[in-house]
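Below are the chains, spelled out letter by letter.
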Amino acid sequence: MLVVDSLDRVPPQAQGAVLAVGNFDGVHRGHGALIAATKALADEMGTIAAVMTFEPHPRMLFKPDTAPFRLTPAADKLRLLAGQGVDAAIVLPFTTELAAMPAEDFVLDIFVNRLRAVHVVIGFDFCFGQARGGDVALLRYMGEMEGFGVTVVSPVGDNDCKPGAGFSSSAIRKALETGDIAVATAQLGRPWSVTGKVRQGDQRGRTIGFPTANLGLADYLRPALGVYAVEVVLDDGRIVPGVANIGRRPTFGKLDENLEVHLFDFAEDLYGRQIEVRLLAFIRAERKFAGLDELKAQIAADSLTARRITAAPV
C-alpha cells in the first residue's frame, strides 16, 4: 500500500482514485463496508482504491487533555488498512489550519486540485471543514459542479449492534471500557490488540514464577483494568497463548497503567522485540492483594482460566 503523508508531494499513482474518507479508528466492520464499496467502484472505473485519514485524530487537537482513546494508533491503522486491500492511504496532517478551512475550499483544494479524485465515498454522518460545515448534501452538490461522483454508505450492523445502530468506534470503546470483549471483537471483526516493543520491567514476575513481557499503552484506549486471556503474535509470526494484566499494579504501589503479559510455556528473551497482544476474554477486575503469596495464588488461578479459554495445555 502506498502511503502519502503530505499533500505537497502527491505522486501521480495516488491521484485519480476512488477515495474513501474518514478517521478509520479501529478499522472496524463498518469501515470494512466503506472500503469494500470503494474497491468495487474502483474496479468498475479502472482506477485505484484509496483512503484518506487524519493524523493526529481530530479529537487530540480539539480536546488535547482528553484521556487516551485510540483503538488503533497510526501504525496499527495503516497496517489494518493495508490488510483490507487498499492501494493507497492519504494521511492528512490534522492541524489548526486544516480545521479552519471552509468546507468548499477543502473540496476544491484537496479532493479536486491535489488528489484529482474521480469518486468520493463517505459514511452517512460524515462532516468536514470549518466548524464541520460540510456535509453529505454539500459534497454531492460540489461533486456535480466539479465532476466527481459521491457515494454515501448507510449504517452497517447486525445482531452485534443495538437495534437501529451500526458498527462504530464509540460502541467499541464503550465495550472495551466495560470489559465486554465479546462485543468489541464482534464489532471489530477481530480481537482488539495492543502492539509495541517489549520494555524493561521490574522483573518481579520472574521471582514469583510468572515472567512477563511489558508494554506501554501510550495513546491506546485504556480498557477495563484487570486480567485477560490473550494471544501474543511474535515478530516472527508465531502465536503464543497467555494471560495479561492491564492496570496499575496496586499491590506494588504503582500508578502508571501498563500491560504485562505472561506467555504460556515460553522461555525466550523478548526485550526490544515487537509483539502484538490480542485480548480474547476478560477474566477479572484488577485488585490489590495482601502480599505475594496471595498474588501468586491468584495469578495461578487466572492462568488456568486463561489456558481453558485459549485451549493451551496445562
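Owing to the predicted nature of the structure, the values given are computational and were not obtained by experimental measurement.

## Section: the overall build of the protein
Now for step 1: Of regular secondary structure, the protein possesses ten helices and twelve strands.
Now for step 2: Along the first, second and third principal axes, the C-alpha atoms of the protein reach 70 × 40 × 35 Å.
Now for step 3: In the protein, buried positions account for 49% of the 314 residues.
Now for step 4: Looking at the protein as shown, the accessible area adds up to about 14600 Å², and 53% of this sits on carbon and sulfur atoms.

## Looking at the environment of A74
Now for step 1: With respect to the helices and strands, the residue A74 is situated in helix α3 (residues 74–83).
Now for step 2: You can call A74 partly exposed: its relative accessible area is 30%.
Now for step 3: In this structure, the C-alpha to C-alpha distance between A74 and L221, residues 147 residues apart in sequence, is 13 Å.

## Observations concerning the layout of surface pockets
Now for step 1: There is about 1200 Å³ of room inside the largest pocket.
Now for step 2: Lining the largest pocket are 39 residues, with G22, N23, D125, F126 and R132 positioned closest to its centre.
Now for step 3: Among the elements of the structure, α1 (29–45), α2 (58–62), α4 (96–99) and α7 (169–177) are those that each provide at least two residues to the lining of the largest pocket.
Now for step 4: Classifying every residue of the lining of the largest pocket gives 20 nonpolar, 13 polar and six charged.

## Quick notes on α3
Now for step 1: Buried residues of α3: D76, K77, L80 and L81, and no others. All buried residues of α3 project into a common sector of 130° when viewed along the axis, lining one side.
Now for step 2: Following α3 by one or two positions, G85 has its phi on the positive side, about 85°.

## Some words on the packing of helix α5 (residues 103–114) against helix α6 (residues 136–146)
Now for step 1: Following both chains from N to C, one finds α5 and α6 inclined at 50°, their axes separated by 11 Å at the closest point. Here α5 is positioned oblique relative to α6, judged by the angle of their axes. For the crossing formed where α5 meets α6, the hand is right-handed. Across from A103, E104, V107, L108, F111 and V112 in α5, the residues of α6 making contact are L138, L139, M142 and E146.

The rules behind each value
Residues numbered from 1 in each chain as written. Predicted model: local features only at pLDDT ≥ 70, side-chain atom pairs only at ≥ 80, totals over all residues. Heavy atoms only, no water. Helix = DSSP H or I, 4+ residues; strand = E, 2+ residues; numbered from the N terminus. Buried < 20%, exposed > 50% of the residue type's maximum accessible area, 1.4 Å probe, protein only. Areas by Shrake-Rupley, 256 points an atom, 1.4 Å probe, with all protein chains shown as cover. 1 Å grid on protein atoms, 1.4 Å probe; cavity = no way out; pocket = protein on both sides within 12 Å on 5 of 7 lines; lining within 4 Å. Points joined across faces, edges and corners; volume = space filled by probe spheres on them. Nonpolar A, V, L, I, M, F, W, Y, C, P; charged D, E, K, R; others polar. Arc of directions from axis to C-beta. Axes fitted to C-alpha atoms, helices over the stretch in contact; angles between N-to-C directions. Parallel < 35°, antiparallel > 145°, perpendicular 65-115°, else oblique. Left-handed = near helix turned anticlockwise from the far one by under 90°. Contact = heavy atoms within 4.5 Å.

Geometry only, nothing functional implied.
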